[in-house]
Amino acid sequence: MSGSTLGLYRPGTTVLHRLPAGVKLGGLLAAGVGSIWTRDPLTTSALLAVGVTGLAVARVPAGVVLRQLRPLLVLAAVLAIFHVVVSGPERAYVVVGVLLALVLLATVVTLTTRTTALVDVVVRVAGPLRHVGLDVERLGLLLALGVRSVPVVIGLAEEVRDAQRARGLAASPTAFAVPLVVRSLRHADRVGEALAARGLDD
Amino acid sequence: MLIEVDDVTHVYDDGGRGRTVLEDLTLRADEHRIGVVGANGSGKSTFARLLNGLVLPTAGAVRVDGLDTADDGRAVRRRVGFCFTDPDAQIVMPTVREDVAFGLRRRGLTRDEVDERVDAMLEEHGLSAHADHPAHLLSGGQKQLLALASVLVTGPDLLVMDEPTTLLDLRNAARVAETVARLPLQVVLVTHHLDLLAGFDRVLVFDEGRLVHDGAPDAAVGHYRALMAALP
């Protein structure tokens, strides 16, 4: 199975662990919105410092942070090169720095908050939408299931890829995509059945 | 609890054609331990799903403790827990603790009561050390124990298990079997692992959608082996 860190809440008693999920999500949202207007390296450095301090306060090991950042590094490198060439090194620092800072902040939030606490916030915020017919609890469950499904689908993809290699079909995208979609749909069917058995609609 | 199956037939829609998977099944069962065996496609999994209303009979009726699965599905599901073959499909929340707590939502419990019940269940199944771990990082045996804990935390009176050890190695299968053997509640176990049926009160043998033998474990397993040996 995959070594994905998605949904990897790290239990702890730090001040960030104890902070209500709504406050953390609100802070992340504010940083995201604020980043749109970030133009100078000083603000970018401040944002990065907040992210790094957050990780330190939450006592997140460096290895975990690096695992979170690894998928982003290629994108960050491409962005940096592009902006150095097109708009100069200062702009490159701001763009890549803001991106990294937001990922660090998101990492702080996900590693210090249980998924159910995050989902509860979404359900609370979406509460008024009940009046227009939205089942907000179903929306929350959808989010939790989404998080839970990522490692499962990654695991299915690894199995399909192994089977593909064993049969000498390593370069065939169709031979990869078709069984992956079929198996994912079959998994979704079984999850649906399990949810019914656990009284989702009761 | 008394399980009553009255003249039940179930037909699946198979691309426009009907495929009969259970035919004219009638039985009464209130034993503590009931085993179900049969070849793949014999109808045993459909039988298991009938017991908590996951599948409704095309004809006939299924009642559990006097409640009709078609009319009282909600009440039936509160009394009948169901454990599937693949725990990955049954675990719906990202972490171990969250998954066990999932079944307790909408039960009118306070957060402290939920935590208390979840902690007790995790302790009982040897999962306390993994409480806040992502469920997908557990071993196969631990996942099946988590799936079991997530069902048992709701306090069902009857547990239906559909091949819970099929995907497990011998050690994990034995661990799950030991856990099930200790359960005080009534159990219906569908399995291919015939050794798990030792000590059961009653074993049902299904073949091609029909109940072909119903009796004590030794005789039923003997009948099943003879049935399989006779296949071309």
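In this text, all values refer to a predicted model and were calculated from it rather than measured experimentally.

Is there a simple way to explain the overall build of chain A in this structure?
Helices and strands together make up the secondary structure of chain A, namely eight helices and zero strands. Secondary structure elements of chain A, listed N to C terminal, follow the sequence α-α-α-α-α-α-α-α. Viewed in the frame of its principal axes, chain A has a C-alpha envelope of about 55 × 50 × 35 Å. Residues counted as buried form 21% of the 202 residues belonging to chain A. Put simply, of all contacts in chain A between residues at least 6 apart along the chain, 73% involve residues at least 24 apart.

How do you make sense of the interface of chain A and chain B when you look at a structure like this?
Interfaces are often described in size by the accessible area the parts lose on coming together. Chain A puts 25 residues into the contact, and the matching count from chain B is 21 residues. Elements with a contribution of two residues or more to the side of chain A that touches chain B: helix H6 (115-125), helix H7 (136-166) and helix H8 (173-197) of chain A. Per-element accounting of the side of chain A that touches chain B gives the leading share, eight residues, to H8 of chain A. In terms of residue class, the side of chain A that touches chain B is made up of 14 nonpolar, five polar and six charged.

Before we go on, may I ask you to explain the packing of H7 of chain A against H8 of chain A in this structure?
For any two helices packed against each other, one specifies the crossing angle of their axes together with the interaxial distance. Residue and element names in this part refer to chain A. Packing of H7 against H8 leaves a shortest axis separation of 9 Å and a crossing angle of 140°. The angle between H7 and H8 falls in the class oblique. The crossing of H7 and H8 is right-handed. Contacts between H7 and H8 involve Val 152, Val 153, Leu 156, Ala 157, Val 160, Arg 161 and Gln 164 from the former and Ala 175, Phe 176, Pro 179, Leu 180, Arg 183, Ser 184 and His 187 from the latter. Looking at side-chain class alone, the contact of H7 with H8 contains nine nonpolar, three polar and two charged residues.

Looking at this structure, I do not really get the confidence of the model for chain A. What am I missing?
Low-pLDDT portions of the prediction should not be read for the details of their coordinates. For chain A, mean pLDDT is 85; residues scoring 70 or higher make up 94% of the total. Within the model, the stretch residues 1-5 of chain A combines pLDDT values under 50 with 13 contacts to residues more than four positions away or in other chains.

Where do I start with the nonpolar core in this structure?
The tendency in soluble globular proteins is for nonpolar side chains to be buried side by side. Residues and elements named next belong to chain B. If you look at the biggest cluster of nonpolar residues, it comprises 74 residues, and the most contacted ones within it are Val 36, Leu 51, Leu 146, Ala 149, Val 160 and Val 188. Looking at this core element by element, the count peaks at seven residues for helix H6 (residues 140-152). The residues touching Ala 149, leaving out its near neighbours within four places in the chain, are Val 100, Met 121, Leu 122, His 125 and Leu 127.

Any chance you could explain the domain arrangement of chain A here in plain terms?
Domain boundaries in chain A define domain 1 (15-113) and domain 2 (134-197). The gap between the C-alpha centroids of domain 1 of chain A and domain 2 of chain A is 30 Å.

Quick question: what am I supposed to make of the sheet that holds strand E7 (residues 158-162) of chain B here?
Residues and elements named next belong to chain B. Reading across the sheet, the six strands line up as E6-E7-E8-E3-E9-E10 and stay open at both edges, with mixed pairing between neighbours. Both edges of this open sheet fall to strand E6 (80-83) and strand E10 (210-215), since each of them pairs with a single strand only. Pairwise comparison of adjacent strand axes, ignoring direction, gives a mean angle of 15° for this sheet. As paired strands, E6 and E7 are joined by four bridges and run parallel to one another. What sits directly across from Gly 81, in E7, is Leu 159. Packed onto the sheet, H6 meets E6 and E7 and runs at close to 165° relative to E6. Across the sheet, helix H8 (residues 217-229) lies against strand E3 (33-38), strand E9 (202-207) and E10, angled at about 20° from E9, the strand it touches most.

What am I meant to see in the sheet that holds strand E4 (residues 59-64) of chain B here?
Each strand in a sheet pairs with another by means of backbone hydrogen bonds, the pair being arranged parallel or else antiparallel. All names here are of chain B. Strand order in the open sheet made by the four strands is E2-E1-E4-E5, with antiparallel pairing throughout. The open sheet has two edge strands, strand E2 (17-29) and strand E5 (67-68), and neither has a second partner. In the sheet, strand E1 (residues 3-14) pairs with E2 via nine bridges, with the strands oriented antiparallel. Its bridge partner lying in E2, Val 5 is registered against Leu 27.

Is there a simple way to explain the packing of H6 of chain B against helix H7 (residues 170-182) of chain B in this structure?
Residue and element names in this part refer to chain B. Taken N-terminus to C-terminus, the directions of H6 and H7 make an angle of 20°; their axes are 9 Å apart at the nearest point. If you check the angle between H6 and H7, you find them roughly parallel. Crossing geometry of H6 relative to H7 is assigned as right-handed. Here Gly 140, Gly 141, Gln 144, Leu 145 and Leu 148 of H6 come into contact with H7, specifically with Asn 172, Arg 175, Val 176 and Thr 179.

In this structure, what is going on with unusual backbone geometry? I would like to understand it.
All names here are of chain B. One non-glycine residue, Asp 24, adopts positive backbone phi at about 50°. Considering the arrangement of structural elements, one finds Asp 24 in strand E2. The class for Asp 24 is partly exposed, based on 13 C-beta atoms found within 10 Å. Backbone geometry at Glu 163 places phi at a positive 50°, although glycine is not the residue there. As for its position among the elements, Glu 163 is in the loop between E7 and H7. Residue Glu 163 is classed as partly exposed on the basis of its 19 C-beta neighbours within 10 Å.

Scoring rules and cut-offs
- Residues numbered from 1 in each chain as written.
- Chains lettered and ligands numbered in written order.
- Predicted model: local features only at pLDDT ≥ 70, side-chain atom pairs only at ≥ 80, totals over all residues.
- Helix = DSSP H or I, 4+ residues; strand = E, 2+ residues; numbered from the N terminus.
- Buried ≥ 20, exposed ≤ 12 C-beta atoms within 10 Å, placed from the backbone.
- Contact = placed C-beta atoms within 7 Å.
- Nonpolar A, V, L, I, M, F, W, Y, C, P; charged D, E, K, R; others polar.
- Axes fitted to C-alpha atoms, helices over the stretch in contact; angles between N-to-C directions.
- Parallel < 35°, antiparallel > 145°, perpendicular 65-115°, else oblique.
- Left-handed = near helix turned anticlockwise from the far one by under 90°.
- pLDDT = per-residue confidence, 0-100.
- Core = buried A, V, L, I, M, F, W, Y, C linked by C-beta atoms within 7 Å.
- Domains from an automatic or database assignment.
- Pairing = 2+ DSSP bridges.

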